[in-house]
Amino acid sequence: MQNLFLNPAEAAALIEGGATAVFAGSEEALASLPRGKWIGGTTVYFMTESGGAVDHENLFCTLIAEATNAKSVVLSPAELARIGEDRFSSGFSYVLLPAFSDAHRIYALEGPGWPGLYDQPIMGWVTGVHLSELGRRTPKVFDGATGQWHENAAAVLHVAVPEAHVPELDIVNLFTDGDGPALVFPGTGFSATECTVDGVPGNIGRYLLEHGVDTRLPLVADYAGAKVNVSVQDIDPETGKVTFYAPVVAGQSYRVAQPIADYAGAYASGAGEDAEAERMLACNCVLNFLYANLEGQRTGGFVGPVTFGEIAYILLNQTLVRLALKQSLPEAMLRALAAAR
Amino acid sequence: MSVPAPSDPRWGELLSGAKDPAFTALATKLMVGRLRQQVKQQPAVLPKAVEELRHYFSTNAFAQRDLALI
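How each quantity is defined
Residues numbered from 1 in each chain as written. Chains lettered and ligands numbered in written order. Predicted model: local features only at pLDDT ≥ 70, side-chain atom pairs only at ≥ 80, totals over all residues. Helix = DSSP H or I, 4+ residues; strand = E, 2+ residues; numbered from the N terminus. Buried ≥ 20, exposed ≤ 12 C-beta atoms within 10 Å, placed from the backbone. Contact = placed C-beta atoms within 7 Å. Nonpolar A, V, L, I, M, F, W, Y, C, P; charged D, E, K, R; others polar. Axes fitted to C-alpha atoms, helices over the stretch in contact; angles between N-to-C directions. Parallel < 35°, antiparallel > 145°, perpendicular 65-115°, else oblique. Pairing = 2+ DSSP bridges. Domains from an automatic or database assignment. Core = buried A, V, L, I, M, F, W, Y, C linked by C-beta atoms within 7 Å.

A closer look at the overall build of chain A
(1) Moving on: Secondary structure summary: chain A contains seven helices and 27 strands in total.
(2) Moving on: By principal-axis analysis of the C-alpha atoms, chain A measures approximately 60 × 55 × 40 Å.
(3) Moving on: Counting only residues that meet the buried cut, chain A has 48% of its 341 residues in that class.
(4) Moving on: In chain A, 75% of the contacts between residues at least 6 apart in sequence involve partners at least 24 apart.

The structure is reproduced here in structure tokens:
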């Protein structure tokens, strides 16, 4: 895979040359692209080789040269549970969801329980707009096969790769659960008012306000060793109702993340200087971009779109998601190894 | 490696959190984390959760390293 930051004419030339690719860019830039084997999502925030950038003209492109086949699918909210049905026997799926849409909501709430969701890597992100355009413009996804855009559907690119290339999906999460009380919610959803605080009935908004919690810090849950963040969007000081960028899950135990003294520095060291980073599919959260002041700063070599939510099987917040194609042993050697065992 | 039978006590230990192996695959972590929370909420769903995990481990070659840890 190869990451490129291109102007629309360069992107069009690649598509017309038959490339299989995923794009991120402004609505205008994506709408200018010709039909082909690609999907795209709207954002104007990027991590580029020279650092974080806001750009309305150019497109971030990941070329998937290893693809032996690719198929784009557009799924309505009612069809989303079928996301695994069209995938190839060996490969991965890349999914884009428009922020604030039913497709986004349903994937976040119901996706974790869909049969087969974890059987093959599903990576992607939630598309957005410039923050100054929130409420005036809708985030969109594009299907390159038809050239159509959608504001309430998932665009999915199923990619086939040779068995010698093993897709590995992983996350980089700066945050760990802090030493504050366990917060448990009675219901699953993008908002909550009631919760228990170390087992005592309480109100989540009042807890956060009365304790002066820095709401740039996400709530963190432990999923058998994977730290999963839920970020705070808003607190209603009257009712204590808190709105989140991803759902809290009923019965799951959350703690406010450990504070980070040097957010930008921790981010750079957390992401590491992975030599392969520039050949990976990756995306990072707009909240990390804002809170860590990443504009003009590099994140350990990882480049990609800056997003309104990240997907590594499930919806995540404030997390860097990365997918690498690892070279495994050649097929003939794998067969010989299996026969010898 | 063969997948343990549904009645094998290792499933209950894993899903109660009594046993907490250091899994390597993100998919395994997310799946086990989700099923643990479901079983904690509703212990009666344990057999269904075990079946889901058995299916996952028997279907996915990439999860064999994690299967060896349970």
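Some points on the interface of chain B and chain A
(1) Moving on: With 17 residues of chain B at the contact, the number on the chain A side is 18 residues.
(2) Moving on: Secondary-structure elements contributing two or more residues to the side of chain B that touches chain A are α2 (26–41) and α3 (46–59) of chain B.
(3) Moving on: Tallying contributions element by element places α2(B) first for the side of chain B that touches chain A, with 12 residues.
(4) Moving on: When grouped by side-chain class, the residues that make up the side of chain B that touches chain A number eight nonpolar, five polar and four charged.

Structural notes on the packing of helix α1 (residues 9–16) of chain B against α3(B)
Residue and element names in this part refer to chain B.
(1) Moving on: Here α1 crosses α3 at 100°, and the two axes come no closer than 10 Å. Regarding the angle of α1 to α3, the classification is roughly perpendicular. Contacts from Trp-11, Gly-12 and Leu-15 in α1 reach Leu-46, Ala-49, Val-50 and Leu-53 in α3.
(2) Moving on: Tallied by class, the residues present in the contact of α1 with α3 amount to six nonpolar, one polar and no charged.

Let's talk about the pairing of strand β22 (residues 253–256) of chain A
Residues and elements named next belong to chain A.
(1) Moving on: With burial as the criterion, only one face of β22 is covered, namely that bearing Tyr-254 and Val-256; the residues Ser-253 and Arg-255 on the opposite face remain uncovered.
(2) Moving on: In this sheet, β22 lies alongside strand β14 (residues 183–184) in antiparallel orientation, the contact comprising two bridges. Counted as the bridge partner of Leu-183 is Tyr-254 from β22.
(3) Moving on: Looking at chain direction, strand β18 (residues 219–223) and β22 are connected through three bridges and run antiparallel. Along β22, the bridge assignment pairs Ala-221 with Tyr-254.

A short note on the sheet that holds strand β21 (residues 242–248) of chain A
What holds strands together in a sheet is hydrogen bonding between their backbones, with the strands either parallel or antiparallel.
All names here are of chain A.
(1) Moving on: Read from one edge of the open sheet, three strands run β15-β21-β20, paired in antiparallel fashion. Each of the sheet's edge strands pairs with one partner strand only, and the pair in question is β15 (189–192) and β20 (232–235). For this sheet the average axis-to-axis angle between neighbouring strands, irrespective of direction, equals 30°.
(2) Moving on: Of the pairings in the sheet, the one linking β15 to β21 comprises three bridges and is antiparallel in character. For Ser-191, the partnering residue across the bridge sits in β21 and is Thr-243.

Quick look at the domain arrangement of chain A
Residues and elements named next belong to chain A.
(1) Moving on: Split by domain assignment, chain A resolves into domain 1 (2–172 + 264–327) and domain 2 (183–256).
(2) Moving on: A C-alpha centroid distance of 27 Å is found between domain 1 and domain 2.
(3) Moving on: Taken together, the contact pairs 11 residues of domain 1 with 11 residues of domain 2.
(4) Moving on: Among the secondary structure elements, those contributing two or more residues to the side of domain 1 that touches domain 2 are α3 (102–110), α6 (286–291) and β26 (314–316).
(5) Moving on: Across the side of domain 1 that touches domain 2, the residue classes break down as six nonpolar, four polar and one charged.

What to know about the nonpolar core
(1) Moving on: Ranked by size, the top nonpolar core spans 125 residues in total, and within it A:Phe23, A:Met123, A:Ala154 and A:Ala312 carry the most contacts.
(2) Moving on: If one sorts the elements of this core by residue count, α2(B) sits on top with seven residues.

A word on the environment of A:His104
All names here are of chain A.
(1) Moving on: Within the fold, His-104 resides in helix α3.
(2) Moving on: The exposure class assigned to His-104 is buried, which follows from the 24 C-beta atoms found within 10 Å.
(3) Moving on: Along the primary structure His-104 and Val-184 are separated by 80 residues, whereas in three dimensions their C-alpha atoms are 23 Å apart.
(4) Moving on: Sequence-distant contacts of His-104, that is, excluding residues within four places in its chain, are made with Leu-97, Pro-98, Ala-99 and Val-126.

Some thoughts on unusual backbone geometry
Residues and elements named next belong to chain A.
(1) Moving on: At Asp-198, a position not held by glycine, the phi torsion is positive, near 50°.
(2) Moving on: As for its position among the elements, Asp-198 is in the loop between β16 (194–197) and β17 (200–203).
(3) Moving on: Using a count of 10 C-beta atoms within 10 Å as the deciding quantity, one classes Asp-198 as exposed.

Some thoughts on the sheet that holds strand β6 (residues 59–63) of chain A
Residue and element names in this part refer to chain A.
(1) Moving on: Taken together, the six strands give an open sheet; going across it, the order is β1-β6-β2-β3-β10-β11, and neighbouring strands pair in mixed fashion. Two strands in the sheet have a free side with no partner beyond their single neighbour: β1 (2–6) and β11 (148–150). Strand-to-strand twist in this sheet, taken as the mean axis angle between neighbours without regard to direction, amounts to 20°.
(2) Moving on: Relative to β11, strand β10 (residues 141–143) runs antiparallel, the two being bridged by three bridges. Across the sheet, the residue bridging to Asp-143 is Gln-148, located in β11.
(3) Moving on: Helix α1 (residues 8–16) rests against β1, β2 (20–25), β3 (37–42) and β6 of the sheet, and its axis sits at about 25° to β6.

Overview of the packing of α2(B) against α3(B)
How two helices sit against one another is set out by the angle between their axes and by the gap between those axes.
Residue and element names in this part refer to chain B.
(1) Moving on: It is the contact of α2 with α3, at a shortest axis distance of 10 Å, that shows an interaxial angle of 170°. On the basis of their axis angle, the class for α2 and α3 is roughly antiparallel. Side by side, α2 and α3 meet where Met-31, Leu-35, Gln-38 and Val-39 of the first sit next to Leu-46, Ala-49, Glu-52, Leu-53 and Tyr-56 of the second.
(2) Moving on: A per-class count over the contact of α2 with α3 returns seven nonpolar, one polar and one charged.

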